[in-house]
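What follows is each chain in one-letter form.
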Amino acid sequence: MASFFDRFLGRRELTSARAAKERLKLVLVTDRSDLAPEKLEQMQAEIIQVIKRYLQINEARVEIKLEQRDRKNYLVADIPLMRDQSYQPIEPDLRGREVVTQEPEEDAAKADAPALDEPDISADDTRRRRIDPPQEPDNA
Amino acid sequence: MGARVITITSGKGGVGKTTATANLSAALASLNQRVACIDADIGLRNLDVVMGLENRIVYDLVDVVEGRCKLRQAMVKDKRVPDLYLLPAAQTRDKTAISPQDMVVVTNQLRDDFDLILIDSPAGIEWGFRNALAPADEVVVITNPEVSAVRDADRIIGLVEAEDRHVPVSLVINRVKPEMVRRGDMLSVDDVMDILAIRLLGVIPEDEMILISSNRGAPLVLDNERSLAGEAFLNIARRLTGEKVPLLRLEQKGGFLRRLSRMFGSSNAMPGE
Ligand SMILES: Nc1ncnc2c1ncn2[C@@H]1O[C@H](COP(=O)(O)OP(=O)(O)O)[C@@H](O)[C@H]1O
Ligand SMILES: [Mg+2]
(Lines give C-alpha, C1' and ligand atoms only; values in the text may rest on other atoms or scores of the structure.)
(Ligands and ions follow the chains in the order given, each with its own letter.)
Protein backbone atom coordinates (compact mmCIF):
# COMPACT_ATOMS: atom_id res chain seq x y z
CA MET A 1 0.00 0.00 0.00
CA ALA A 2 1.25 3.43 -0.94
CA SER A 3 1.47 5.82 1.95
CA PHE A 4 -0.08 9.23 1.75
CA PHE A 5 3.35 10.83 1.37
CA ASP A 6 4.38 8.47 -1.39
CA ARG A 7 1.33 9.48 -3.30
CA PHE A 8 1.78 13.12 -2.40
CA LEU A 9 5.33 13.11 -3.69
CA GLY A 10 4.31 11.10 -6.74
CA ARG A 11 6.53 8.21 -5.73
CA ARG A 12 5.82 5.02 -7.59
CA GLU A 13 6.00 2.15 -5.21
CA LEU A 14 5.20 -1.43 -6.19
CA THR A 15 1.61 -1.41 -4.99
CA SER A 16 -0.41 -4.58 -5.39
CA ALA A 17 -2.29 -2.96 -8.27
CA ARG A 18 0.97 -2.26 -10.10
CA ALA A 19 2.12 -5.80 -9.42
CA ALA A 20 -1.20 -7.02 -10.87
CA LYS A 21 -0.73 -4.92 -13.98
CA GLU A 22 2.83 -6.07 -14.56
CA ARG A 23 1.88 -9.70 -14.08
CA LEU A 24 -1.06 -9.32 -16.44
CA LYS A 25 1.11 -7.80 -19.15
CA LEU A 26 3.54 -10.69 -18.91
CA VAL A 27 0.95 -13.43 -18.89
CA LEU A 28 -0.93 -11.86 -21.82
CA VAL A 29 2.17 -11.78 -24.00
CA THR A 30 2.28 -15.54 -23.73
CA ASP A 31 -1.51 -15.97 -24.03
CA ARG A 32 -1.81 -13.79 -27.09
CA SER A 33 1.11 -15.17 -29.05
CA ASP A 34 0.81 -18.75 -27.93
CA LEU A 35 4.60 -18.65 -27.65
CA ALA A 36 6.09 -19.91 -24.39
CA PRO A 37 8.78 -17.69 -22.82
CA GLU A 38 11.55 -20.21 -23.42
CA LYS A 39 10.57 -20.47 -27.10
CA LEU A 40 10.88 -16.71 -27.36
CA GLU A 41 14.38 -16.90 -25.89
CA GLN A 42 15.33 -19.63 -28.30
CA MET A 43 14.02 -17.54 -31.20
CA GLN A 44 16.02 -14.55 -29.99
CA ALA A 45 19.20 -16.61 -29.96
CA GLU A 46 18.54 -17.82 -33.50
CA ILE A 47 17.74 -14.33 -34.78
CA ILE A 48 21.02 -13.06 -33.31
CA GLN A 49 22.93 -15.81 -35.10
CA VAL A 50 21.36 -14.84 -38.43
CA ILE A 51 22.02 -11.13 -38.01
CA LYS A 52 25.62 -11.76 -36.97
CA ARG A 53 26.25 -13.24 -40.38
CA TYR A 54 25.59 -9.81 -41.87
CA LEU A 55 26.25 -7.19 -39.20
CA GLN A 56 28.35 -6.65 -36.12
CA ILE A 57 25.93 -6.18 -33.31
CA ASN A 58 26.11 -5.39 -29.65
CA GLU A 59 24.83 -8.77 -28.61
CA ALA A 60 24.52 -7.99 -24.91
CA ARG A 61 22.04 -5.23 -25.57
CA VAL A 62 19.77 -7.01 -28.02
CA GLU A 63 16.16 -6.93 -26.95
CA ILE A 64 13.48 -8.88 -28.79
CA LYS A 65 10.00 -8.93 -27.31
CA LEU A 66 6.35 -9.33 -28.13
CA GLU A 67 4.31 -6.20 -27.69
CA GLN A 68 0.74 -5.19 -28.21
CA ARG A 69 -0.53 -1.83 -29.40
CA ASP A 70 -4.24 -1.31 -30.05
CA ARG A 71 -4.87 -5.01 -29.85
CA LYS A 72 -2.39 -5.81 -32.62
CA ASN A 73 0.62 -7.93 -31.83
CA TYR A 74 4.12 -6.92 -32.82
CA LEU A 75 7.48 -8.59 -32.54
CA VAL A 76 9.69 -5.67 -31.60
CA ALA A 77 13.44 -5.96 -31.95
CA ASP A 78 15.97 -3.48 -30.68
CA ILE A 79 19.34 -4.52 -32.05
CA PRO A 80 22.20 -2.04 -31.52
CA LEU A 81 24.99 -2.20 -34.07
CA MET A 82 28.69 -1.87 -33.24
CA ARG A 83 30.69 1.30 -33.90
CA ASP A 84 32.62 1.86 -37.17
CA GLN A 85 30.58 -0.45 -39.20
CA SER A 86 30.69 -0.01 -42.93
CA TYR A 87 27.29 0.64 -44.36
CA GLN A 88 27.96 -2.13 -46.77
CA PRO A 89 27.46 -5.42 -45.07
CA ILE A 90 30.34 -7.73 -45.65
CA GLU A 91 29.62 -11.36 -45.57
CA PRO A 92 31.99 -14.23 -45.93
CA ASP A 93 31.07 -16.44 -48.83
CA LEU A 94 31.16 -20.16 -48.62
CA ARG A 95 34.82 -20.42 -49.62
CA GLY A 96 35.87 -18.05 -46.86
CA ARG A 97 36.43 -14.98 -49.04
CA GLU A 98 34.68 -11.77 -48.13
CA VAL A 99 32.02 -10.59 -50.55
CA VAL A 100 30.65 -7.05 -50.75
CA THR A 101 26.93 -7.07 -51.39
CA GLN A 102 25.73 -4.55 -53.94
CA GLU A 103 23.66 -1.69 -52.52
CA PRO A 104 21.17 0.31 -54.62
CA GLU A 105 22.32 3.76 -55.77
CA GLU A 106 19.82 5.95 -53.85
CA ASP A 107 20.78 4.33 -50.60
CA ALA A 108 23.99 6.31 -50.50
CA ALA A 109 22.08 9.57 -50.93
CA LYS A 110 20.00 9.18 -47.80
CA ALA A 111 22.72 7.38 -45.96
CA ASP A 112 23.35 10.28 -43.62
CA ALA A 113 19.77 10.35 -42.38
CA PRO A 114 19.38 8.91 -38.92
CA ALA A 115 17.96 5.44 -38.70
CA LEU A 116 14.28 5.11 -37.98
CA ASP A 117 14.60 4.05 -34.39
CA GLU A 118 15.33 6.56 -31.69
CA PRO A 119 18.88 7.92 -31.80
CA ASP A 120 21.04 6.46 -29.08
CA ILE A 121 23.33 9.26 -27.97
CA SER A 122 24.69 7.53 -24.91
CA ALA A 123 26.42 4.74 -26.74
CA ASP A 124 28.43 4.45 -29.90
CA ASP A 125 27.02 6.36 -32.81
CA THR A 126 26.35 3.19 -34.70
CA ARG A 127 22.94 4.01 -36.02
CA ARG A 128 24.20 6.43 -38.67
CA ARG A 129 25.69 5.10 -41.79
CA ARG A 130 28.96 6.57 -42.95
CA ILE A 131 29.37 7.78 -46.51
CA ASP A 132 32.80 6.29 -46.91
CA PRO A 133 33.73 5.24 -50.40
CA PRO A 134 32.82 1.62 -50.92
CA GLN A 135 35.47 -0.70 -49.72
CA GLU A 136 37.28 -2.70 -52.31
CA PRO A 137 37.00 -6.41 -51.81
CA ASP A 138 40.75 -6.86 -51.92
CA ASN A 139 41.56 -4.48 -49.03
CA ALA A 140 38.80 -5.77 -46.80
CA MET B 1 -33.41 -5.92 -39.79
CA GLY B 2 -35.21 -5.06 -36.54
CA ALA B 3 -33.63 -5.64 -33.17
CA ARG B 4 -29.93 -5.44 -32.34
CA VAL B 5 -28.66 -8.53 -30.60
CA ILE B 6 -26.19 -7.83 -27.79
CA THR B 7 -24.39 -10.73 -26.15
CA ILE B 8 -23.09 -10.23 -22.61
CA THR B 9 -20.14 -12.46 -21.89
CA SER B 10 -16.92 -12.68 -19.86
CA GLY B 11 -14.99 -15.91 -20.02
CA LYS B 12 -14.66 -16.08 -16.25
CA GLY B 13 -17.69 -16.99 -14.17
CA GLY B 14 -19.14 -14.85 -11.42
CA VAL B 15 -18.03 -11.46 -12.74
CA GLY B 16 -21.56 -10.12 -13.15
CA LYS B 17 -22.92 -11.19 -16.56
CA THR B 18 -26.33 -12.18 -15.25
CA THR B 19 -26.55 -9.14 -12.99
CA ALA B 20 -25.67 -6.91 -15.94
CA THR B 21 -28.13 -8.60 -18.31
CA ALA B 22 -30.99 -8.26 -15.81
CA ASN B 23 -30.24 -4.65 -14.95
CA LEU B 24 -29.48 -3.48 -18.48
CA SER B 25 -32.63 -5.17 -19.81
CA ALA B 26 -34.77 -3.47 -17.18
CA ALA B 27 -32.99 -0.14 -17.69
CA LEU B 28 -33.46 -0.29 -21.45
CA ALA B 29 -37.14 -1.18 -21.02
CA SER B 30 -37.55 1.76 -18.65
CA LEU B 31 -36.14 3.93 -21.46
CA ASN B 32 -39.07 2.72 -23.58
CA GLN B 33 -37.10 0.23 -25.60
CA ARG B 34 -38.77 -3.07 -26.47
CA VAL B 35 -36.43 -5.59 -24.87
CA ALA B 36 -36.14 -9.37 -24.93
CA CYS B 37 -33.50 -11.09 -22.86
CA ILE B 38 -32.41 -14.66 -23.38
CA ASP B 39 -30.75 -16.87 -20.79
CA ALA B 40 -28.26 -18.93 -22.78
CA ASP B 41 -26.84 -20.66 -19.71
CA ILE B 42 -28.55 -24.01 -20.31
CA GLY B 43 -28.50 -26.18 -17.19
CA LEU B 44 -27.58 -23.27 -14.90
CA ARG B 45 -30.60 -21.05 -15.29
CA ASN B 46 -30.18 -17.85 -13.28
CA LEU B 47 -31.46 -14.83 -15.14
CA ASP B 48 -35.04 -15.68 -14.13
CA VAL B 49 -34.32 -15.48 -10.38
CA VAL B 50 -32.20 -12.35 -10.63
CA MET B 51 -35.07 -10.71 -12.51
CA GLY B 52 -37.67 -12.15 -10.14
CA LEU B 53 -39.60 -13.99 -12.88
CA GLU B 54 -38.91 -17.58 -11.82
CA ASN B 55 -42.47 -18.33 -10.77
CA ARG B 56 -43.96 -17.51 -14.12
CA ILE B 57 -41.92 -19.85 -16.32
CA VAL B 58 -43.87 -22.42 -18.30
CA TYR B 59 -41.63 -23.26 -21.24
CA ASP B 60 -37.98 -22.61 -21.96
CA LEU B 61 -35.48 -22.13 -24.79
CA VAL B 62 -34.98 -25.86 -25.34
CA ASP B 63 -38.75 -26.39 -25.53
CA VAL B 64 -38.85 -23.77 -28.28
CA VAL B 65 -35.95 -25.27 -30.22
CA GLU B 66 -37.33 -28.80 -29.93
CA GLY B 67 -40.79 -27.66 -31.05
CA ARG B 68 -42.75 -28.35 -27.85
CA CYS B 69 -44.14 -24.82 -27.81
CA LYS B 70 -44.35 -21.65 -29.83
CA LEU B 71 -41.67 -19.04 -29.19
CA ARG B 72 -44.36 -16.61 -28.00
CA GLN B 73 -45.53 -19.08 -25.34
CA ALA B 74 -42.08 -19.35 -23.81
CA MET B 75 -41.56 -15.58 -23.45
CA VAL B 76 -42.22 -14.42 -19.87
CA LYS B 77 -43.46 -10.83 -19.63
CA ASP B 78 -42.08 -8.58 -16.93
CA LYS B 79 -45.09 -6.57 -15.77
CA ARG B 80 -43.08 -3.83 -14.01
CA VAL B 81 -42.01 -2.16 -17.26
CA PRO B 82 -43.81 -1.58 -20.56
CA ASP B 83 -42.00 -3.96 -22.87
CA LEU B 84 -39.63 -6.48 -21.30
CA TYR B 85 -39.65 -10.24 -21.92
CA LEU B 86 -37.48 -13.12 -20.75
CA LEU B 87 -36.78 -16.31 -22.66
CA PRO B 88 -35.55 -18.64 -19.91
CA ALA B 89 -32.92 -21.36 -20.22
CA ALA B 90 -33.76 -25.00 -19.57
CA GLN B 91 -32.65 -26.09 -16.13
CA THR B 92 -32.60 -29.86 -16.59
CA ARG B 93 -30.82 -30.12 -19.90
CA ASP B 94 -27.23 -29.54 -20.94
CA LYS B 95 -25.82 -26.98 -23.31
CA THR B 96 -25.54 -29.33 -26.25
CA ALA B 97 -29.37 -29.29 -26.46
CA ILE B 98 -28.94 -26.02 -28.37
CA SER B 99 -26.74 -25.25 -31.36
CA PRO B 100 -25.37 -21.89 -32.54
CA GLN B 101 -27.69 -22.16 -35.54
CA ASP B 102 -30.71 -22.61 -33.20
CA MET B 103 -29.78 -19.37 -31.48
CA VAL B 104 -29.63 -17.55 -34.80
CA VAL B 105 -33.06 -18.89 -35.78
CA VAL B 106 -34.67 -17.98 -32.44
CA THR B 107 -33.25 -14.44 -32.35
CA ASN B 108 -34.23 -13.85 -35.97
CA GLN B 109 -37.82 -14.72 -35.07
CA LEU B 110 -37.70 -12.07 -32.33
CA ARG B 111 -36.01 -9.30 -34.27
CA ASP B 112 -39.17 -7.79 -35.76
CA ASP B 113 -40.93 -7.40 -32.42
CA PHE B 114 -38.11 -5.89 -30.36
CA ASP B 115 -35.57 -3.08 -30.41
CA LEU B 116 -32.94 -4.91 -28.39
CA ILE B 117 -32.25 -8.55 -27.60
CA LEU B 118 -29.78 -9.20 -24.76
CA ILE B 119 -28.21 -12.63 -24.39
CA ASP B 120 -26.78 -13.73 -21.04
CA SER B 121 -23.85 -15.96 -21.97
CA PRO B 122 -22.60 -18.81 -19.81
CA ALA B 123 -19.02 -18.72 -18.54
CA GLY B 124 -16.26 -20.38 -20.50
CA ILE B 125 -15.22 -20.34 -24.15
CA GLU B 126 -16.84 -23.57 -25.25
CA TRP B 127 -20.23 -24.62 -26.53
CA GLY B 128 -22.42 -22.32 -24.47
CA PHE B 129 -20.32 -19.29 -25.31
CA ARG B 130 -20.43 -20.22 -29.00
CA ASN B 131 -24.23 -20.43 -28.79
CA ALA B 132 -24.45 -17.00 -27.21
CA LEU B 133 -21.99 -15.47 -29.68
CA ALA B 134 -23.53 -16.85 -32.89
CA PRO B 135 -26.44 -14.37 -33.23
CA ALA B 136 -24.62 -11.35 -31.74
CA ASP B 137 -24.50 -8.02 -33.55
CA GLU B 138 -22.48 -6.63 -30.66
CA VAL B 139 -20.62 -8.12 -27.74
CA VAL B 140 -20.31 -6.61 -24.29
CA VAL B 141 -17.52 -8.16 -22.24
CA ILE B 142 -17.87 -7.88 -18.47
CA THR B 143 -14.77 -8.00 -16.33
CA ASN B 144 -13.63 -7.22 -12.80
CA PRO B 145 -10.48 -5.26 -11.93
CA GLU B 146 -8.62 -8.42 -11.10
CA VAL B 147 -5.85 -10.40 -12.82
CA SER B 148 -7.76 -13.57 -13.71
CA ALA B 149 -10.91 -11.76 -14.88
CA VAL B 150 -8.94 -9.37 -17.11
CA ARG B 151 -6.94 -12.24 -18.52
CA ASP B 152 -10.13 -14.13 -19.43
CA ALA B 153 -11.65 -10.96 -20.89
CA ASP B 154 -8.60 -10.65 -23.12
CA ARG B 155 -9.09 -14.21 -24.31
CA ILE B 156 -12.76 -13.61 -25.10
CA ILE B 157 -12.01 -10.37 -26.94
CA GLY B 158 -9.39 -12.22 -28.97
CA LEU B 159 -11.91 -14.96 -29.87
CA VAL B 160 -14.58 -12.45 -30.91
CA GLU B 161 -12.11 -10.41 -32.95
CA ALA B 162 -10.89 -13.54 -34.69
CA GLU B 163 -14.36 -14.02 -36.19
CA ASP B 164 -14.84 -13.04 -39.83
CA ARG B 165 -18.02 -11.18 -38.95
CA HIS B 166 -16.21 -8.31 -37.18
CA VAL B 167 -18.63 -7.95 -34.32
CA PRO B 168 -17.96 -4.79 -32.31
CA VAL B 169 -16.81 -5.46 -28.76
CA SER B 170 -17.00 -3.13 -25.78
CA LEU B 171 -16.11 -3.49 -22.13
CA VAL B 172 -17.88 -3.06 -18.80
CA ILE B 173 -15.70 -3.06 -15.70
CA ASN B 174 -17.77 -4.27 -12.76
CA ARG B 175 -17.16 -4.29 -9.00
CA VAL B 176 -14.76 -1.36 -8.93
CA LYS B 177 -13.89 -0.18 -5.41
CA PRO B 178 -12.64 3.40 -5.75
CA GLU B 179 -11.17 3.39 -2.27
CA MET B 180 -9.02 0.34 -3.03
CA VAL B 181 -7.97 1.85 -6.36
CA ARG B 182 -6.92 5.01 -4.55
CA ARG B 183 -4.80 2.99 -2.13
CA GLY B 184 -3.11 1.24 -5.04
CA ASP B 185 -4.68 -2.10 -4.16
CA MET B 186 -6.98 -2.50 -7.13
CA LEU B 187 -6.40 -2.13 -10.87
CA SER B 188 -7.87 1.18 -12.02
CA VAL B 189 -10.13 1.67 -15.01
CA ASP B 190 -7.13 3.14 -16.84
CA ASP B 191 -4.98 0.12 -15.98
CA VAL B 192 -7.59 -2.26 -17.38
CA MET B 193 -8.12 -0.13 -20.50
CA ASP B 194 -4.37 0.05 -21.04
CA ILE B 195 -4.23 -3.69 -21.16
CA LEU B 196 -7.43 -4.55 -23.03
CA ALA B 197 -7.48 -1.55 -25.40
CA ILE B 198 -11.11 -1.74 -26.53
CA ARG B 199 -14.07 0.60 -26.22
CA LEU B 200 -15.13 1.24 -22.63
CA LEU B 201 -18.90 1.08 -22.32
CA GLY B 202 -19.12 1.68 -18.58
CA VAL B 203 -17.94 1.15 -15.04
CA ILE B 204 -20.03 -0.31 -12.22
CA PRO B 205 -18.98 0.14 -8.61
CA GLU B 206 -19.06 -2.60 -6.04
CA ASP B 207 -22.41 -2.04 -4.38
CA GLU B 208 -24.16 -4.16 -1.80
CA MET B 209 -27.47 -3.03 -3.25
CA ILE B 210 -26.77 -5.52 -6.05
CA LEU B 211 -27.09 -8.42 -3.65
CA ILE B 212 -30.11 -6.89 -1.95
CA SER B 213 -31.85 -6.46 -5.28
CA SER B 214 -31.12 -9.98 -6.41
CA ASN B 215 -32.36 -11.24 -3.03
CA ARG B 216 -35.63 -9.53 -3.84
CA GLY B 217 -35.68 -10.37 -7.51
CA ALA B 218 -36.06 -6.71 -8.38
CA PRO B 219 -33.46 -5.16 -10.72
CA LEU B 220 -31.89 -2.06 -9.20
CA VAL B 221 -33.05 0.23 -11.95
CA LEU B 222 -36.69 -0.54 -11.11
CA ASP B 223 -36.10 0.38 -7.49
CA ASN B 224 -37.32 3.74 -6.24
CA GLU B 225 -34.35 3.94 -3.93
CA ARG B 226 -31.37 5.38 -5.78
CA SER B 227 -28.20 3.34 -5.85
CA LEU B 228 -24.85 4.04 -7.47
CA ALA B 229 -24.76 0.72 -9.29
CA GLY B 230 -28.30 1.37 -10.52
CA GLU B 231 -27.24 4.76 -11.88
CA ALA B 232 -24.23 3.18 -13.54
CA PHE B 233 -26.42 0.56 -15.26
CA LEU B 234 -28.81 3.26 -16.41
CA ASN B 235 -25.90 5.22 -17.90
CA ILE B 236 -24.75 2.15 -19.79
CA ALA B 237 -28.28 1.54 -21.07
CA ARG B 238 -28.40 5.11 -22.35
CA ARG B 239 -25.09 4.63 -24.14
CA LEU B 240 -26.46 1.46 -25.72
CA THR B 241 -29.33 3.50 -27.18
CA GLY B 242 -26.81 5.89 -28.70
CA GLU B 243 -27.03 8.67 -26.15
CA LYS B 244 -23.73 10.34 -25.26
CA VAL B 245 -23.39 9.95 -21.52
CA PRO B 246 -19.99 11.00 -20.23
CA LEU B 247 -17.88 8.44 -18.41
CA LEU B 248 -16.93 9.72 -15.00
CA ARG B 249 -13.79 8.02 -13.84
CA LEU B 250 -14.28 8.83 -10.21
CA GLU B 251 -11.73 6.57 -8.66
CA GLN B 252 -8.90 8.68 -10.05
CA LYS B 253 -10.19 11.87 -8.53
CA GLY B 254 -10.18 11.93 -4.76
CA GLY B 255 -11.80 15.33 -4.44
CA PHE B 256 -14.66 14.59 -6.74
CA LEU B 257 -15.13 11.21 -5.14
CA ARG B 258 -15.57 12.75 -1.74
CA ARG B 259 -17.94 15.35 -3.11
CA LEU B 260 -20.03 12.65 -4.65
CA SER B 261 -20.08 10.64 -1.44
CA ARG B 262 -21.46 13.66 0.31
CA MET B 263 -23.95 14.21 -2.45
CA PHE B 264 -25.30 10.72 -1.93
CA GLY B 265 -25.39 11.36 1.79
CA SER B 266 -23.11 8.52 2.75
CA SER B 267 -19.66 8.45 4.26
CA ASN B 268 -18.59 5.22 2.63
CA ALA B 269 -20.32 5.40 -0.72
CA MET B 270 -18.40 3.90 -3.60
CA PRO B 271 -19.20 5.85 -6.66
CA GLY B 272 -18.78 4.33 -10.07
CA GLU B 273 -19.71 6.62 -12.84
N1 LIG C 1 -21.23 -4.50 -8.75
C2 LIG C 1 -21.44 -5.50 -7.86
N3 LIG C 1 -21.39 -5.25 -6.53
C4 LIG C 1 -21.61 -6.24 -5.65
N5 LIG C 1 -21.89 -7.51 -5.98
C6 LIG C 1 -21.94 -7.83 -7.28
C7 LIG C 1 -21.73 -6.85 -8.29
N8 LIG C 1 -21.85 -7.46 -9.50
C9 LIG C 1 -22.13 -8.75 -9.26
N10 LIG C 1 -22.19 -9.00 -7.93
C11 LIG C 1 -22.45 -10.29 -7.27
O12 LIG C 1 -21.56 -11.24 -7.83
C13 LIG C 1 -22.15 -12.51 -7.94
C14 LIG C 1 -22.00 -13.05 -9.34
O15 LIG C 1 -22.75 -12.27 -10.23
P16 LIG C 1 -23.44 -12.87 -11.52
O17 LIG C 1 -24.14 -11.77 -12.23
O18 LIG C 1 -24.26 -14.08 -11.18
O19 LIG C 1 -22.17 -13.33 -12.34
P20 LIG C 1 -22.08 -14.24 -13.67
O21 LIG C 1 -23.41 -14.25 -14.33
O22 LIG C 1 -21.03 -13.57 -14.49
O23 LIG C 1 -21.65 -15.59 -13.23
C24 LIG C 1 -23.59 -12.33 -7.52
O25 LIG C 1 -23.72 -12.76 -6.18
C26 LIG C 1 -23.82 -10.84 -7.60
O27 LIG C 1 -24.77 -10.40 -6.69
MG1 LIG D 1 -24.58 -16.01 -14.93
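It should be emphasised that the depicted structure is a prediction, and the values quoted were computed from it without experimental measurement.

The subject of this paragraph is the pattern of salt bridges. Residues and elements named next belong to chain B. In the structure shown here, the tally under the stated rule is 23 salt bridges over all chains. Its salt-bridge partner being aspartate 137, residue arginine 111 comes within 2.8 Å of it at the nearest N-O pair. Taken together, the residues span a long stretch of sequence, with arginine 111 in helix 5 (residues 100–111) and aspartate 137 in the loop between helix 6 (127–133) and strand 6 (138–143) at a distance of 26 residues. For arginine 111, a relative accessible area of 9% puts it in the buried group.

What follows deals with the sheet that holds strand 4 (residues 84–87) of chain B. Residue and element names in this part refer to chain B. Pairing within the open sheet is mixed, and its 8 strands lie in the order 3-4-2-5-1-6-7-8. Edge positions in the sheet fall to strand 3 (76–78) and strand 8 (199–205), since each of these pairs with one other strand and no more. In this sheet, adjacent strand axes meet at a mean angle of 20° when their direction is disregarded. Summarising the sheet, strand 2 (residues 35–39) and strand 4 pair through 4 bridges and their orientation is parallel. Within strand 4, the residue paired with isoleucine 38 across the bridge is leucine 87. Contacts between helix 1 (residues 17–30) and the sheet are confined to strand 1 (4–9), strand 2, strand 4, strand 5 (116–120) and strand 6, with strand 5 contributing the most and set at about 165° to the helix. Docked against the sheet, helix 5 engages strand 1, strand 2, strand 4 and strand 5, running at close to 150° with respect to strand 5.

Relative to the assigned elements, glutamate 41 of chain A resides in helix 3 (residues 37–52). The spatial distance from the C-alpha of glutamate 41 of chain A to the C-alpha of isoleucine 64 of chain A is 8.6 Å, given a sequence separation of 23 residues.

Below, the discussion takes up the site of ligand 1. Residue and element names in this part refer to chain B. Neighbouring residues of ligand 1: 13 residues in total, closest Gly14, Lys17, Thr18, Thr19 and Asn174. A distance of 2.8 Å is found between an oxygen atom of ligand 1 and a backbone nitrogen or oxygen belonging to lysine 17. Between ligand 1 and arginine 175, the relevant distance is 3.0 Å, taken from an oxygen atom to a side-chain nitrogen or oxygen of the residue. Burial of ligand 1 by the protein chains amounts to 79% of its free accessible area of 560 Å².

Turning next to the confidence of the model for chain B. All names here are of chain B. Per-residue confidence for chain B averages 91 on the pLDDT scale, and 90% of its residues sit at or above 70. In the model, residues 251–273 has pLDDT below 50 throughout and makes 44 contacts with residues more than four positions away in sequence or in other chains. Listed scores for the predicted complex are pTM 0.77 and ipTM 0.82.

So, on to the interface of chain A and chain B. Contacts between the two partners involve 17 residues from chain A, matched on the other side by 19 residues from chain B. Across the chain A/chain B interface, buried area totals approximately 1600 Å², and carbon plus sulfur atoms make up 56% of it. Taken together, the connections running from chain A to chain B amount to 4 salt bridges. Of the charged contacts in the structure, one is a salt bridge between aspartate 31 of chain A and arginine 151 of chain B, with a shortest N-O distance of 2.6 Å. The dominant element in the side of chain A that touches chain B, judged by the number of residues it contributes, is helix 2 (residues 16–33) of chain A, at 11 residues.

The backbone of asparagine 32 of chain B sits at a positive phi, close to 65°, despite the residue not being glycine. Note that asparagine 32 of chain B resides in the loop between helix 1 and strand 2.

What follows is about the pairing of strand 2 of chain B. Residues and elements named next belong to chain B. With 5 of 5 residues buried, strand 2 is to be regarded as a mostly interior element. The alternating pattern of strand 2 places Val35, Cys37 and Asp39 and Ala36 and Ile38 on opposite faces, both of which are buried. By the bridge criterion, 5 bridges tie strand 2 to strand 5 in an arrangement that is parallel. When the bridges of strand 5 are listed, valine 35 appears paired with leucine 116.

Rules used throughout
Residues numbered from 1 in each chain as written. Chains lettered and ligands numbered in written order. Predicted model: local features only at pLDDT ≥ 70, side-chain atom pairs only at ≥ 80, totals over all residues. Heavy atoms only, no water. Salt bridge = Lys/Arg side-chain N within 4 Å of Asp/Glu carboxyl O. Helix = DSSP H or I, 4+ residues; strand = E, 2+ residues; numbered from the N terminus. Buried < 20%, exposed > 50% of the residue type's maximum accessible area, 1.4 Å probe, protein only. Pairing = 2+ DSSP bridges. Axes fitted to C-alpha atoms, helices over the stretch in contact; angles between N-to-C directions. Contact = heavy atoms within 4.5 Å. Near = heavy atom within 4 Å. Polar contact = N/O pair within 3.5 Å; in protein donor to acceptor, adjacent residues only side chain to side chain. Areas by Shrake-Rupley, 256 points an atom, 1.4 Å probe, with all protein chains shown as cover. pLDDT = per-residue confidence, 0-100. Buried area = accessible area lost by both parts, 1.4 Å probe.

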